Amino acid sequence: MPRTISISAVVLIALTISLPTSVARAEAPYAFASTPGRLPKNVVPTHYRIDLTPSPDMLTFAGSEVVDIKVLTSTNRVVLNALDMKLRSASLVGEPGQSATITPTPAAESVRLDFAHPLSPGAHKLSIAFTGRINGFGRGLFHVYYPTAQGIRRMIATELEPADARRVFPCWDEPAFKASFEPSITVPRDFLAVSNMPIAREQPVGANLKRVSFGATPRMSTYLFVLVAGNLERLTGDADGVKVGVVAVRGKREQGRFALASAIDLLRYYNDYFGVKYPLPKLDLIAVPGGVGGAMENWGGIVFNESILLFDPGTSPDALRRGIFVVLAHEMAHQWFGDLVTMAWWNDLWLNEGFASWMQNKAADRFHPDWHVWLNDAAQKQSAMDTDARPTAHPIQQAVADETEAQSVFDSITYSKSQAFLRELEDYLGAEQFRTGIRRYMAAHAYSNATTADLWSALTAASGKQVASIAAPYTEQPGIPLVTSDAHCADGRWRLALAQQRFLIRPSKAAAQLWQIPIAFGAPGAGEPAGVILLKDKTMSVAAGRCGAPVKLNFGYTGYYRVEYDTASDSALAKTVETMAPADRVNLLSDDWALLEADRVPVDRYFGLVANVADDRNRAVWERVMSVIARVDDLERGLPGRSAFQACARTRLKPPFARLGWDRRAGESEDDTILRGKLIGQLGALGDSSLIAEARRRFAAFLKDPRSLDANLRGPVIFIAGRYADRATWNQLRALGRKATGTEQRVRYYVALAAAIDPALAKQALALTLTDEVPSEIANGIIMEVAAGEHPEMALAFVKANFDALSDKRGPYFRSFFMSSLMSHFADRKYAEELARFAPVHETPGGRIAAARAAEEIIEAADFRTHQIAAIDAWINRHSPAA
Ligand SMILES: [Zn+2]
């Protein structure tokens with residue numbers, strides 16, 4: 001099968017010649033003293049011995065710790081982080097009379113310890129007693145209630161990134177304050193407790209409890225600390241002498257087989273790739289049935305929502321294996337990039353997330369080339385490119401003032417733009433040189449911190465190229481370049497007039513920017529690019545071979561830029577779109593849609609292009625088409641043209657569905673299986689009546705005999721049942737959701753019942769989020785689904801009316817960020833104004849940033865709705881078959 005074309009060799013030759021030697025304005029290499037942050041740097045921790053005892057109801061805990069500290073300059077005052085906890089006492093061990101006066105400073109999420117006598121420079125031991133909360137909102141130390149065949153069970157776990165270790169124990173909770181940790185916890189005798197390191201010893205406490213003590217970790221950042229305890233069991237294997245385990249709630253261990261086998265492969269691969277062996281004696285993959293939505297790369301104890309770690313052959317769709325592998329590859333890459341070498345401060349979060357996102361695909365491509373992960377991951381890249389086309393886009397390297405701002409940089413720019421950029425950079429440097437640079441970086445900064453400048457200098461040393469000068473325009477300035485290409489034929493040869501500018505969906509006064517853009521070009525369908533040039537000035541003229549076939553830019557679609565062609569080239573490319581490699585087809589569809597959004601090309605051009613892929617057999621191509629259909633359908637809500645649009649969209653999606661049919665054929669590709677499910681889901685959402693009837697028939701059969709419904713069809717069939725549910729069906733879905741013991745199934749039922757078109761049922765779905773029936777991430781998902789379905793205003797009114805109650809249950813991140821996420825789906829300028837007036841989101845710096853971004857998204861959608869929907873409607877009227 002064709003793989004994504006590597007352009008490394010050609011780029012290397014072309015760029016070695018033209019690369020400028022100027023050094024860009026990069027930040028400084030890592031130095032503790034100059035690292036940003038809010039804590040004073042005159043006292044540093046070196047080792048924490050922590051002891052926690054949860055209360056019998058598991059709503060609070062008592063804790064004590066002895067922290068080995070190093071005083072760098074003599075001081076009476078020690079400042080460290082503590083949040084939502086009470087410090088009972090603080091004193092220096094072995095230094096009589098040195099009990100501290102404790103002053104909480106909640107606005108800074110810290111506490112001040114003032115001593116009667118100055119602490120001399122050197123080593124001291126600080127002993128602190130404290131009490132804290134075990135909360136229900138998935139931050140700090142939290143509890144999870146989950147259904148089992150024997151009834152509801154409870155467990156506890158931690159989630160600390162970016163800055164919630166301070167909820168579990170008083171600490172220097174910034175990534176540059178690395179130390180070792182030696183925790184112990186008292187739990188019921190039948191619990192299994194898991195932390196970063198293996199258990200050192202267990203001692204009985206009273207009749208029913210035990211105290212579990214863990215070995216000391218290597219030096220690491222606080223946000224990577226983990227403690228999980230519950231009725232758990234472990235499945236184990238071995239990889240290069242490291243004990244790899246999947247930890248799940250009792251009864252689900254066997255569902256960890258796929259993850260365990262994958263983790264063993266990945267650990268061996270990474271040991272080789274990074275040139276530094278995984279340094280801990282064990283690695284646990286811990287499946288938690290709620291509380292956290294995704295996964296967290298705690299060193300030696302990665303926590304996953306169990307829906308993305310466990311695979312149940314009876315109920316999980318085949319494609320779930322891909323999701324599990326990719327998330328696992330991401331979190332395991334962090335064991336090196338993030339855990340062993342940590343970004344100095346959150347402004348360089350991309351060093352963690354961009355790298356892990358790039359490595360997840362590289363590893364998936366290595367072990368599962370038939371998944372075509374780069375091609376099928378196009379949606380991620382699009383999401384980053386869309387975000388980057390707004391004036392509110394931030395650079396990959398983004399100044400971060402505090403913890404709430406840190407939270408706001410966990411976005412598609414940090415993950416997916418960085419991922420795309422690293423792919424480009426690896427291509428440019430060559431895979432071998434790139435890896436040599438990474439190994440050098442790992443060896444130089446192990447157990448310590450690093451900045452982007454450190455990465456560039458390692459890559460420069462390995463490759464002999466000035467990496468900073470090509471990288472800085474991508475990481476230090478926001479935005480995505482637009483390359484315009486004007487092709488002229490003279491004396492039988494193509495000449496391209498190229499120019500670059502920042503691409504923006506809405507006109508804005510952004511400053512002029514330049515990038516150094518490696519541009520591969522060639523004839524559609526050619527196996528290799530005809531050439532690669534580096535566009536580094538504003539304009540450039542390029543010879544591009546004999547006239548004839550049009551010239552396609554961003555050949556192979558490995559570049560991070562948009563292309564706008566002259567009209568003749570564009571229509572010639574549209575006519576030859578089916579001869580191109582799938583990645584180039586996806587690229588053309590994506591760019592033409594973005595240009596339409598920016599009002600740079602007419603509606604006809606995009607819809608003409610879509611008509612030319614009617615017979616396409618590629619999942620990635622159809623997913624691009626379907627994402628536009630979903631977007632337009634959303635913007636058409638409440639407008640007169642919606643039913644004609646939906647009819648037109650159904651006509652477009654019928655041919656690929658007719659090819660695939662309802663039932664899986666022997667030997668079909670997994671991409672076809674995945675595409676079938678997505679087509680059914682979208683045709684159902686677009687109101688295809690015969691398809692809906694068939695989905696309902698299959699749902700009814702499923703209720704009688706669950707085995708009658710192929711695991712790959714459960715998602716779309718159950719979703720359609722929910723969307724068109726009457727009260728009886730809705731009640732059935734809820735009963736299934738309450739009974740389901742697997743998180744993946746549970747999510748599916750609750751999302752389906754939240755999609756109900758019947759407003760009374762949608763309202764009832766919202767009301768569930770105020771109860772304890774579902775964990776916080778499912779509750780948030782219900783509200784989002786009601787908004788994304790047919791009732792955005794209802795969802796908004798509900799959140800406004802219950803904001804305090806919801807915030808109490810879901811915690812501070814909900815308060816700062818949820819409203820902005822919710823309202824970014826709206827397409828009327830009045831909501832941007834409403835968000836600007838909604839006080840809670842403006843209480844924190846991070847909340848304000850998220851609100852500004854959401855407002856821009858709303859305005860962009862509102863403008864599109866005002867200006868382009870009518871043109872789309874007119875196109876549909878002209879092209880609809882006569883009624
Ligand atoms: Zn990550």
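So, here is what we can say about the structure in this document. Keep in mind that this is a model prediction, so the values were computed, not measured.

### Observations concerning the state of the cysteines
Next up, step 1: In the structure shown here, the tally under the stated rule is 1 disulfide.
Next up, step 2: Cys 489 shares a disulfide with Cys 547; S-S distance 2.0 Å. Across the disulfide from Cys 489 to Cys 547, rotation about the S-S bond amounts to roughly 110°, and the bridge is consequently right-handed. Note that Cys 489 is positioned in strand S22 (residues 480-490) and Cys 547 in the loop between strand S26 (539-546) and strand S27 (552-553), a separation of 58 residues in sequence.

### A short note on the pairing of strand S19 (residues 301-305)
Next up, step 1: Among the 5 residues of S19, 5 are classified as buried, and the element is accordingly described as predominantly covered.
Next up, step 2: Residues of S19 alternate between two faces, with Gly 301, Val 303 and Asn 305 on one and Ile 302 and Phe 304 on the opposite face, all of them buried.
Next up, step 3: Sheet topology note: the strand S17 (residues 282-288)/S19 ladder contains 5 bridges and is parallel. From the neighbouring strand, Leu 285 faces S19, where its bridge partner is Ile 302.
Next up, step 4: Sheet analysis places strand S18 (residues 295-296) next to S19, joined by 2 bridges and oriented antiparallel. Directly across from Met 296, in S19, lies its bridge partner Val 303.
Next up, step 5: Once S18 ends, the chain turns through 4 residues before running back antiparallel as S19, passing Gly 300 with a positive phi of about 80°.

### Structural notes on the packing of aromatic side chains
For any two aromatic rings, the description comes down to two numbers: the centre-to-centre distance and the angle of the planes.
Next up, step 1: With the rule as written, the count across this model stands at 41 aromatic pairs.
Next up, step 2: Here Phe 337 and Tyr 441 contribute two aromatic rings whose centre-to-centre distance is 5.2 Å and whose plane-to-plane angle is 20°, an arrangement assigned as stacked. Here the residue Phe 337 occupies a position in the loop between helix H3 (320-334) and strand S20 (341-343), and Tyr 441 occupies one in helix H9 (residues 431-445), the gap between them amounting to 104 residues.
Next up, step 3: Its relative accessible area of 1% is what places Tyr 441 among the buried residues.

### With respect to helix H25 (residues 803-810)
Next up, step 1: Along H25, the residues classified as buried are Phe 803, Leu 806, Ser 807 and Arg 810. Along the axis of H25, the buried residues cluster in a sector spanning 100°; they form a single face. Facing away from the buried side of H25 by more than 90 degrees, the exposed set consists of Asp 804 and Asp 808.
Next up, step 2: The secondary structure elements touched by the buried residues of H25 are helix H23 (776-788), helix H24 (792-801) and helix H26 (812-823).
Next up, step 3: Backbone geometry just after H25 places Gly 811 at a positive phi near 90°.

### Some remarks on the side chain of Arg 562
Next up, step 1: With respect to the element layout, Arg 562 can be found in strand S28 (residues 562-565).
Next up, step 2: A polar side-chain atom of Arg 562 sits 3.5 Å from a polar atom in the side chain of Asp 386.
Next up, step 3: When residues no more than four places from it in sequence are discounted, the contact partners of Arg 562 are Gln 382, Met 385, Asp 386, Ile 480, Pro 481, Leu 482, Val 483, Phe 503, Ser 590, Asp 591 and Ala 594.

Cut-offs applied
Residues numbered from 1 in each chain as written. Predicted model: local features only at pLDDT ≥ 70, side-chain atom pairs only at ≥ 80, totals over all residues. Heavy atoms only, no water. Disulfide = S-S within 2.5 Å. Helix = DSSP H or I, 4+ residues; strand = E, 2+ residues; numbered from the N terminus. Buried < 20%, exposed > 50% of the residue type's maximum accessible area, 1.4 Å probe, protein only. Pairing = 2+ DSSP bridges. Phe/Tyr/Trp six-rings, centres within 6.5 Å; stacked < 30°, edge-to-face > 60°. Arc of directions from axis to C-beta. Contact = heavy atoms within 4.5 Å. Polar contact = N/O pair within 3.5 Å; in protein donor to acceptor, adjacent residues only side chain to side chain.

Read these as layout, nothing more, since geometry by itself doesn't imply function.
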